[in-house]
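Residues per chain are reported as follows:
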Amino acid sequence: MPYCLSGKISEMLVIKNLHASIDGKEILRGINLEVKAGEIHAIMGPNGSGKSTLSAVLAGKADYEITEGSVTFNGKDLLELSPEDRAREGVFLAFQYPVEIPGVSNINFLKTAINEIRAYKGQTPMEAKDFLALVKEKQKLVELDGKLANRSVNEGFSGGEKKRNEIFQMAMLEPKLAILDETDSGLDIDALRIVAGGVNKLKSKDNATIVITHYQRLLDYIVPDVVHILYKGKIVKSGPKELALELEEKGYDFIKEEVGA
Amino acid sequence: MANEILAEQISGEYKYGFVTDIEADNAPKGLNEDIIRFISKKKNEPEWMLEYRLKAFKYWQTLEEPHWAHVSYTKPNFQDIIYYSAPKPKVQLNSLDEVDPELLKTFEKLGISIEEQKRLSGVESRIAVDIVMDSVSVKTTFKETLSEKGIIFCSFGEAVQEHPELVKKYMGSVVPYTDNFYAALNSAVFTDGSFCYIPKGVRCPMELSTYFRINASGTGQFERTLIIADEDAYVSYLEGCTAPMRDENQLHAAVVEIVTHKNAEVKYSTVQNWYPGDKNGKGGIFNFVTKRGICLEDNSKISWTQVETGSAVTWKYPSVILKGDNSVGEFYSVAVTNNYQQADTGTKMMHLGKNTRSTIISKGISAGFSNNSYRGLVRIAKGASNARNFSQCDSLLMGDKCGAHTFPYIEIKDKSAIVEHEATTSKIGEDQLFYCKSRGIDNEKAIGLIVNGYCKEVLNKLPMEFAVEAQKLLAVSLEGSVG
Ligand SMILES: Nc1ncnc2c1ncn2[C@@H]1O[C@H](COP(=O)(O)OP(=O)(O)O)[C@@H](O)[C@H]1O
Ligand SMILES: [Mg+2]
């Protein structure tokens, strides 16, 4: 039985028996996961276990074929929504490998995104001065160099800068559900602390975060309510934050033994 | 899957395809000496102009249509074209009240209402507009303001009447009628165009702009533009083009000549949006244009910036002859082709003077079943010491049914030359599109963002008013080109 937290009411994300394939190869093989508002879930697992696939499927990447199962997000069938509508509904994916868009300034990119999301909600475009104030505020929150905000999206950014830029975008878009796909990998300890600090500051009782990571290290800074272990496309074990420590200590081999793989 | 969406969605609707219902004063179809005499007479031209036309016509008759460009199309039937079509009334107009209201509506649809221009008078950023519809220049705004500075900005026909010495001196000095097939044809039958002279030491205080529009059916448009910047003069010149949607192909064969004297600078910007034909490749404008400038004297500069989204077939190489020492030539280009459009465009930089510099930035974007070619020549003559050229030619492919081709030619006759050439070809990234979507931006807007980002270096060179228009145009012409 999956490990469950009690006492919270609203289910934000409910994934049931999710199977997904690419080019006929099954990658996700029956994922079950429930995330409530206010929670932080960590998903850990060895390379190739399907962590990025799960996040891409949730964000709506078209390459994958969903062969079985369902995903509801705040009561809506997430799988029916286009990727842009998922974002507009409040799903945010911090990419493991953020994409460069030459010639498009970060600011212009975010302004477009924010106004698209606002239009979806029937709101008018944000006033320029409000937008700039927001940029300033959020830049400070993730300690992002002001110059980066004006440069082309991720172009020529270092690995760490790209990751920090993802968190900056998250801060700007204020999603309900943020999925961070190995945002910690490639970060030095200072950057890790800043990124984690940003996530913690943005945490509220109304939003939820799924932190995908390979290492326990990040979880020293972002304390999860639940830890799940993904292995060969399935969540094979869930538990409290201590599970991450156990995993670190014993390595993934102990999972293999436990699940008899 | 992606291909189905692509096939389904390639639409790129043409938003300027209206026909203005104005009675036109046409010449009979076809081309012979009598037609040329008719045009010349209509325009009340002096004898020397008629002689020039007839010489050009004789020469043209000895030529074969060129076919070296990477385009294929059905050769126009030159006897099936109307060479002169003037919207009535064609009397000289002095105030807007005299302008045919239908015509004013046309201008409004083009987004250049003269009313708007008038209201803008007295504001910093003003644009003086000359509008050439079919064959005749209709209205030149701001003439008086300009003439206070000694600037001449008028229709070509008027310049022939009022400033024959300037026209005689410069016309054909950069693009002689012997230059090529279409230049010869233009020299024989051109009907109007714009003329601009900036006197010594004058910086033109506003953008000068010409809008070309082909309206009447079966007509060809053959306009000439001649721009002269005298010593220490500066002007920024804009050119815009639209045409209604028609099933048959219409021919546009213009000639543009630019001359810069000592320390002078001319910036010439084009947003070309001739009707490209429908999504099956039916109709559209054949755009066969000769554009060339000469940096006649030292320290002068000519800059071409073009955003080309229209025409069924484009054949165009805005070039610079760098004759004066230390002169500078620039070419910044975005060429978009969608559906069955074909474009063969690029530039020639001819370095003759010492320490001459040229820069070529070309961005080709191909979508649908289109073909987009860059063709460029950098020639460094013997004695053009320390000449430098930098060329960058990038191609962006959207989908897998289109083509991008690059034909760079380099001829170096002087050992001190430094010539650099960079070229890239990329596909619009599914990853980039998904990244945008995952931030709430839909497909169309995402393509707009990515493409505008890709073209930024070129768009940045356009004057503000034009840059905004160009950005919208890019998005519109690529609408639905990636699923
Ligand atoms: N586009 C693809 N085509 C084929 N196989 C893929 C593709 N993307 C991922 N995979 C495979 O799916 C599995 C899971 O990959 P991924 O989700 O990236 O794992 P993780 O993020 O946990 O390291 C791996 O075996 C990987 O090789
Ligand atoms: Mg991964």
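Residues numbered from 1 in each chain as written. Chains lettered and ligands numbered in written order. Predicted model: local features only at pLDDT ≥ 70, side-chain atom pairs only at ≥ 80, totals over all residues. Heavy atoms only, no water.

**Student:** An account of the coordination of the magnesium ion (ligand 2) is requested, with residue identities and associated values reported.
**Tutor:** Residue and element names in this part refer to chain A. Coordination of the magnesium ion (ligand 2) by the protein involves S52 (OG) and Q96 (OE1), with metal-donor separations of 2.1 to 2.2 Å. Here the residue S52 occupies a position in helix 1 (residues 51–59), and Q96 occupies one in the loop between strand 6 (91–94) and strand 7 (101–105), the gap between them amounting to 44 residues. A residue is classified by how much of its surface remains accessible, and Q96, at 15% relative accessible area, is buried. (Donors = N, O, S within 2.8 Å, 3.2 Å for Na, K, Ca; no water. Helix = DSSP H or I, 4+ residues; strand = E, 2+ residues; numbered from the N terminus. Buried < 20%, exposed > 50% of the residue type's maximum accessible area, 1.4 Å probe, protein only.)

**Student:** With reference to specific residues and values, describe the sheet that holds strand 10 (residues 208–213) of chain A.
**Tutor:** Strand-to-strand pairing in sheets goes through backbone hydrogen bonds, with the strands running parallel or antiparallel. Residues and elements named next belong to chain A. Here six strands make up an open sheet; going across it, the order is 6-9-10-3-11-12 and the pairing mixed. Strand pairing shows two members of the sheet lacking a second neighbour, strand 6 and strand 12 (234–239), which therefore form its edges. On average, adjacent strands in this sheet sit at an angle of 20° to one another, irrespective of strand direction. Of the strands in this sheet, strand 3 (40–44), strand 11 (226–231) and strand 12 are in contact with helix 8 (residues 242–250), which crosses strand 11 at around 40°. (Pairing = 2+ DSSP bridges. Axes fitted to C-alpha atoms, helices over the stretch in contact; angles between N-to-C directions. Contact = heavy atoms within 4.5 Å.)

**Student:** Residues and numbers for the sheet that holds strand 1 (residues 11–22) of chain A, please.
**Tutor:** Residues and elements named next belong to chain A. Read across the sheet, four strands follow the order 2-1-4-5 without closing on themselves; strand pairing throughout is antiparallel. Edge positions in the sheet fall to strand 2 (25–36) and strand 5 (76–77), since each has one partner strand and no second. The pairing of strand 1 with strand 2 spans nine bridges and is antiparallel. Opposite V14, over in strand 2, you have E34 as the bridge partner. Across the sheet, helix 1 is in contact with strand 1, strand 2 and strand 4 (65–73); its angle to strand 1 comes to roughly 110°.

**Student:** Explain the site of ligand 1 to me, using residue names and the numbers behind them.
**Tutor:** Residue and element names in this part refer to chain A. If you check the shell around ligand 1, you find I22, K25, I27, P46, N47, G48, S49, G50, K51, S52 and T53 and nothing else. At 2.8 Å from an oxygen atom of ligand 1 is found a main-chain nitrogen or oxygen belonging to G48. K51 places a main-chain nitrogen or oxygen 2.9 Å from an oxygen atom of ligand 1. Within the complex, the protein chains bury 63% of what would otherwise be the 560 Å² of accessible surface of ligand 1. Per-element tally for the shell around ligand 1: the top contributor is helix 1, with three residues. (Near = heavy atom within 4 Å. Polar contact = N/O pair within 3.5 Å; in protein donor to acceptor, adjacent residues only side chain to side chain. Areas by Shrake-Rupley, 256 points an atom, 1.4 Å probe, with all protein chains shown as cover.)

**Student:** If you had to explain the confidence of the model for chain B to someone new, which residues and values would you point to?
**Tutor:** Residue and element names in this part refer to chain B. Per-chain confidence: chain B averages 80 in pLDDT, with 78% of residues scoring 70 or above. Ignoring residues within four places in sequence, the model shows residues 1–12, a span with pLDDT below 50, making 23 contacts including any to other chains. In this model, residues 17–23 is a region of pLDDT below 50 whose contacts with residues beyond four sequence positions or in other chains number 28 contacts. (pLDDT = per-residue confidence, 0-100.)

**Student:** Explain the interface of chain A and chain B to me, using residue names and the numbers behind them.
**Tutor:** How big an interface is tends to be stated in terms of the accessible area lost upon association of its parts. Contact residues are listed per partner, giving 31 residues for chain A and 18 residues for chain B. A buried area of about 2000 Å², summed over both sides, lies between chain A and chain B, and 66% of it is on carbon and sulfur atoms. Where chain A meets chain B, there are three salt bridges. Of the charged contacts, one joins K61(A) and D431(B) as a salt bridge, the two residues approaching to 3.4 Å between their closest N and O atoms. Taken together, the links from chain A to chain B amount to 11 residue pairs in polar contact (both at pLDDT 80 or more). Put simply, the parts of the chain that give the side of chain A that touches chain B at least two residues each are helix 1, helix 2 (83–89), strand 6, strand 7, helix 3 (106–120) and helix 6 (159–173) of chain A. At six residues, the largest contribution of residues to the side of chain A that touches chain B is made by helix 3 of chain A. Partitioning the side of chain A that touches chain B into residue classes produces 19 nonpolar, six polar and six charged. (Buried area = accessible area lost by both parts, 1.4 Å probe. Salt bridge = Lys/Arg side-chain N within 4 Å of Asp/Glu carboxyl O. Nonpolar A, V, L, I, M, F, W, Y, C, P; charged D, E, K, R; others polar.)

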